[in-house]
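# A structural walkthrough
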Amino acid sequence: MRWMRAAGRGLLVLAVVLTGYVASGARADDGAVGGRGPLTLATAGDLTGYLGPLLEGWNRTHPGEKVTLVELPDSADETHAQMTTDLRGGDRSRFDVLNIDVAWTSEFAAAGWIRPLPRDRFPLKSFLPPVVDTATYDGRLYAVPYVTNAGLLLYRKDILAKEGVAPPRTWAELERDAKTIAPKYGLDGYAGQFLPYEGLTVNAAEAVYSAGGTILGDEGERVTVNSAAAREGIGFLARGVREGWIPAKALTYKEEESKQAFQDGRLLFLRNWPYAYVVASAKGSKVAGRIGAVPLPGPDGPGASVLGGSNLAVNTHARHPESAARLIAYLTSGPVQRKVLTRGALPPVRAALYDDPELVRRFPYLPTLRASVLAAAPRPKSPRYDQVSLVVQAVVHDALTGQETPESAVRRLARELAAVSAR
């Protein structure tokens, strides 16, 4: 959920959680919702201050179902740890509704922590199609998409214009420009989020996907990473660090650190979420008015982003599941989704908002983001996703630091992921 926190400051995250235990007669396996009452909403960080007013609007019109806002930690790993610890408490859980990282849906559903939801209760056909898949597990809907995200390549359009160069569409073009143009202006070439945490899993998956590979299949039961595409993708990143057009300091970057480097005018290219474009374009930024955004490049043309965002799910032991469902419907309604974008800088899941002329004028990256979301792929689906991510982080970090070759790293990934899947 670091990306969620990220979007909240322009960082992307919101972890929504509400208090409870199972209402009398409610069953966790039948998708039933019933029972109204107050809720507690926990968030990993609302640094733009947009969420409070949204909840005030809900509380004014739903006095018997008031929501109390509670914050969870900044870090995705810490938020995940606190949520799972709480959910393991069963009917002692504090949470009614959880706004979870899209990668956690399968894990939470497989563990029995969240209940199936009726598809006809929510406007799923109004959402961007790929986001709905992130809310399903084993063919059933276990959550409702709330915000989405896709990685973009941010670039210094003023510098590329001076050089008479178009934004890169391929890895070769990105590498060439990062090597030859960036040094002329005293800049580092390219960075993403390469510290060993969830962001590195995302960056590694995007490199593998862009090369045409995959990591897992069949809801995590089949390991597919041992491929030429995976070797090419991880090799591209490792070569960048080895040759220096990805600076060594990028191995310490998360979303915010990499955004700050770009915003301070120290990078020519940056892979980040759309919030970084918004913040870097704001008044007071050293690069305001001098940046652009395009889809992530790949080996032979535009690559593939990992689908980010968060989903709203109802705790199996929710005290007031009907109110929880009503709150989810409110937060995913058209008017509220518009405010999620305009006040929170969070990419909405409602497809129509990406074609709104007024919003496109205000957020010029929206058409690029829409295209990236439609072409994006989810992180590897697995009921043991936390373990999968830890393996990817550790192995890819060793490849980036030169402790393993890309070839040996991919073989190790296949072995260790197979061990996770067999547990």
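About the cut-offs
All residue numbers here refer to positions counted from 1 along the written sequence of the relevant chain. pLDDT decides what is reported in this predicted model: residues at 70 or higher carry local features, side-chain atom pairs at 80 or more are listed and counted, and totals for whole chains, interfaces and linings draw on all residues regardless. Where side-chain values are given, they derive from all heavy atoms of the structure, hydrogens and water being excluded. UniProt positions are given in the numbering used here, feature names are shortened, and annotations may be inferred rather than shown by experiment. We call a residue buried when its accessible area falls under 20% of the maximum for its residue type, exposed when it is over 50%, and partly exposed in between, using a 1.4 Å probe and counting protein chains only. Runs of H or I in DSSP of at least four residues are treated as helices and runs of E of at least two as strands, each being numbered from the N terminus. Here the arc refers to the directions that run from the helix axis out to each C-beta atom. Buried and open spaces are told apart on a 1 Å grid over the protein atoms alone, a cavity being a set of points where a 1.4 Å probe fits but cannot get out and a pocket being an open set with protein on both sides within 12 Å along at least five of seven lines. Residues with an atom within 4 Å of a point are the lining residues. Grid points are joined across faces, edges and corners, and a volume is the space filled by probe spheres set on the points. Residues are sorted three ways: Asp, Glu, Lys and Arg are charged, Ala, Val, Leu, Ile, Met, Phe, Trp, Tyr, Cys and Pro are nonpolar, and all the rest, Gly among them, are polar. We define the nonpolar core as a collection of buried residues of types Ala, Val, Leu, Ile, Met, Phe, Trp, Tyr and Cys that are connected through side-chain atoms lying within 4.5 Å of one another. Note on contacts: a residue pair is in contact if any heavy atoms of the two residues lie within 4.5 Å. Only strands joined by at least two bridges in the DSSP assignment are considered to pair. By definition, a salt bridge exists where a carboxyl oxygen of Asp or Glu is found within 4 Å of a side-chain nitrogen of Lys or Arg.

An unreviewed UniProt entry annotates the chain as ABC transporter substrate-binding protein originating from Streptomyces lannensis. Its UniProt record gives the chain a comment under Sequence similarities (unreviewed entry), which states: "Belongs to the bacterial solute-binding protein 1 family."

## Some words on helix α13 (residues 334-344)
Taken together, the buried positions of α13 are occupied by Val336, Gln337, Val340, Leu341 and Gly344. Looking straight down α13, one finds that the buried residues subtend no more than 145° of arc, so they occupy a single side. Within two residues after α13, Ala345 carries a phi angle of roughly 60°, on the positive side.

## What to know about empty space enclosed by the protein
Under the definition given, this model contains four cavities of 30 Å³ or more. Taken as a whole, the largest cavity encloses approximately 140 Å³ of empty space. What lines the largest cavity is a set of 13 residues, and nearest its centre among them are Trp171, Tyr190, Glu206, Leu296 and Pro297. Elements represented by at least two residues in the lining of the largest cavity include exactly α7 (171-180), α8 (198-210) and α9 (228-243). When residues of the lining of the largest cavity are assigned to their parent elements, the largest contribution, four residues, is made by α8. For the lining of the largest cavity, the residue count by class is nine nonpolar, two polar and two charged. Empty space within the second largest cavity amounts to approximately 70 Å³. Considering the residues around the second largest cavity, the lining is formed by Val102, Ala103, Thr105, Ser106, Thr134, Pro378, Arg379, Pro380 and Lys381.

## Some points on the nonpolar core
Formed by 134 residues in total, the largest nonpolar core has its most connected members in Phe108, Phe194, Phe269 and Tyr365. In terms of residue count, helix α16 (residues 385-400) provides more of this core than any other element does, eight residues in total. When near neighbours in sequence (up to four residues on either side) are disregarded, Tyr365 contacts Leu152, Pro274, Tyr277, Val278, Ala293 and Leu341.

## Thoughts on the pairing of strand β6 (residues 144-150)
Buried residues dominate β6, accounting for seven of its seven residues. Strand direction decides the pairing type here: β6 and strand β13 (residues 307-314), joined by six bridges, are antiparallel. Opposite Ala150, over in β13, you have Leu307 as the bridge partner.

## Points about the pattern of salt bridges
Under the defined criterion, the tally for this structure stands at 25 salt bridges. Between Lys249 and Asp188 there is a salt bridge, with its nearest N and O atoms 3.2 Å apart. Residue Lys249 is located in the loop between α9 and α10 (255-263), and its partner Asp188 is located in strand β8 (residues 188-191); the two are separated by 61 residues in the primary sequence. For Asp188, a relative accessible area of 23% translates into the label partly exposed. The residue Lys259 makes a salt bridge to Glu256 at a minimum N-O spacing of 3.2 Å.

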